[in-house]
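Analysis of the macromolecular model
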Amino acid sequence: MDPYSIIDAQLDRRAAENGWTVVKEWAEAPARFFYIGGRATFDCFQIVIDPPAADAVVVTARSVDTNDNQEFEQTWRGGVAEFDSLLNSALALVETWRSRAP
């Protein structure tokens, strides 16, 4: 069984609402991550969801590339029931990174 099956319905719904392309496999293993483009040229951010385990989930937001070479990363941990809230926190932080002054 894919460890992500417990959150896939929520993630797929959010992805459809927001136009994200969620990558579901990496190096022949299950994965869940997507990218959010920045407002500045070359800015790119990533949201990564670790495989849920023991009714817990980990969401990480990070910069992939930034126009000003700044690096950003933050991780949230919580119960699977909190997944939507964890995702919202990650997205809100990415939005602040996207909106930073040049």
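Above this text is the structure in question.
Conventions used here
Residues numbered from 1 in each chain as written. Predicted model: local features only at pLDDT ≥ 70, side-chain atom pairs only at ≥ 80, totals over all residues. Heavy atoms only, no water. Salt bridge = Lys/Arg side-chain N within 4 Å of Asp/Glu carboxyl O. Helix = DSSP H or I, 4+ residues; strand = E, 2+ residues; numbered from the N terminus. Buried < 20%, exposed > 50% of the residue type's maximum accessible area, 1.4 Å probe, protein only. Core = buried A, V, L, I, M, F, W, Y, C linked by side-chain atoms within 4.5 Å. Contact = heavy atoms within 4.5 Å. Polar contact = N/O pair within 3.5 Å; in protein donor to acceptor, adjacent residues only side chain to side chain. Pairing = 2+ DSSP bridges. Axes fitted to C-alpha atoms, helices over the stretch in contact; angles between N-to-C directions. Parallel < 35°, antiparallel > 145°, perpendicular 65-115°, else oblique. Left-handed = near helix turned anticlockwise from the far one by under 90°. Nonpolar A, V, L, I, M, F, W, Y, C, P; charged D, E, K, R; others polar.

Moving on, we get to the pattern of salt bridges. Within this structure, the stated rule accounts for 11 salt bridges. Two residues, glutamate 95 and arginine 39, come together in a salt bridge whose shortest N-O distance is 2.4 Å. A residue pair is termed long-range when its members are at least 10 positions apart, and glutamate 95 in helix H2 (residues 83-98) and arginine 39 in the loop between strand E2 (29-37) and strand E3 (44-49) qualify at 56 residues. Judged by its relative accessible area of 29%, glutamate 95 falls in the partly exposed class.

Turning to the nonpolar core, a few remarks are in order. Where a protein is soluble and globular, its nonpolar side chains tend to be buried together. Grouped together as the largest cluster of nonpolar side chains are 25 residues, with contacts concentrated most on Phe34, Ile47, Ile49, Phe83 and Leu87. Mapped by element, the contributors of at least two residues to this core are helix H1 (5-18), E2, E3, strand E4 (56-65) and H2. Per-element accounting of this core gives the leading share, eight residues, to H2. In contact with phenylalanine 83, not counting residues within four places along its chain, are Ile7, Gln10, Leu11, Ile49, Val57 and Val59.

Another point: the side chain of aspartate 8. Within the fold, aspartate 8 resides in helix H1. At 2.8 Å, the side chain of aspartate 8 forms a polar contact with the side chain of arginine 32. Not counting residues within four places of it along the chain, the set of residues in contact with aspartate 8 comprises Lys24 and Arg32.

Below, the discussion takes up the environment of alanine 81. Relative to the elements of secondary structure, alanine 81 occurs in the loop between strand E5 (73-79) and H2. Placed 75 residues apart in sequence, alanine 81 and isoleucine 6 show a C-alpha to C-alpha distance of 9.7 Å.

A few words on the pairing of strand E1 (residues 23-26). Alignment of E1 against E2, held across three bridges, turns out to be antiparallel. Across the sheet, the residue bridging to tryptophan 26 is alanine 29, located in E2. Where E1 folds back onto E2 in an antiparallel hairpin, the turn is made up of two residues, including alanine 27, whose phi is positive at roughly 55°.

Sheet strands pair via backbone hydrogen bonds, and the direction of the pair is either parallel or antiparallel. Ordered by their spatial adjacency, five strands build an open sheet running E1-E2-E3-E4-E5, and the pairing between neighbours is antiparallel. A single partner strand is all that each edge strand has here, and the edge strands are E1 and E5. Each strand axis lies, on average, 30° off the axis of its neighbour in the sheet, ignoring direction.

With that settled, consider the packing of H1 against H2. As a packed pair, H1 and H2 sit with axes 10 Å apart at the nearest point and diverge in direction by 40°. Here H2 runs oblique to H1, going by the angle between their axes. In this structure, H1 crosses over H2, and the sense of that crossing is right-handed. Contacts between H1 and H2 involve Ile7, Gln10, Leu11, Arg13 and Arg14 on the former and, on the latter, Phe83, Asp84, Leu87, Asn88 and Leu91. Along the lines of polarity and charge, the residues of the contact of H1 with H2 split into five nonpolar, two polar and three charged.

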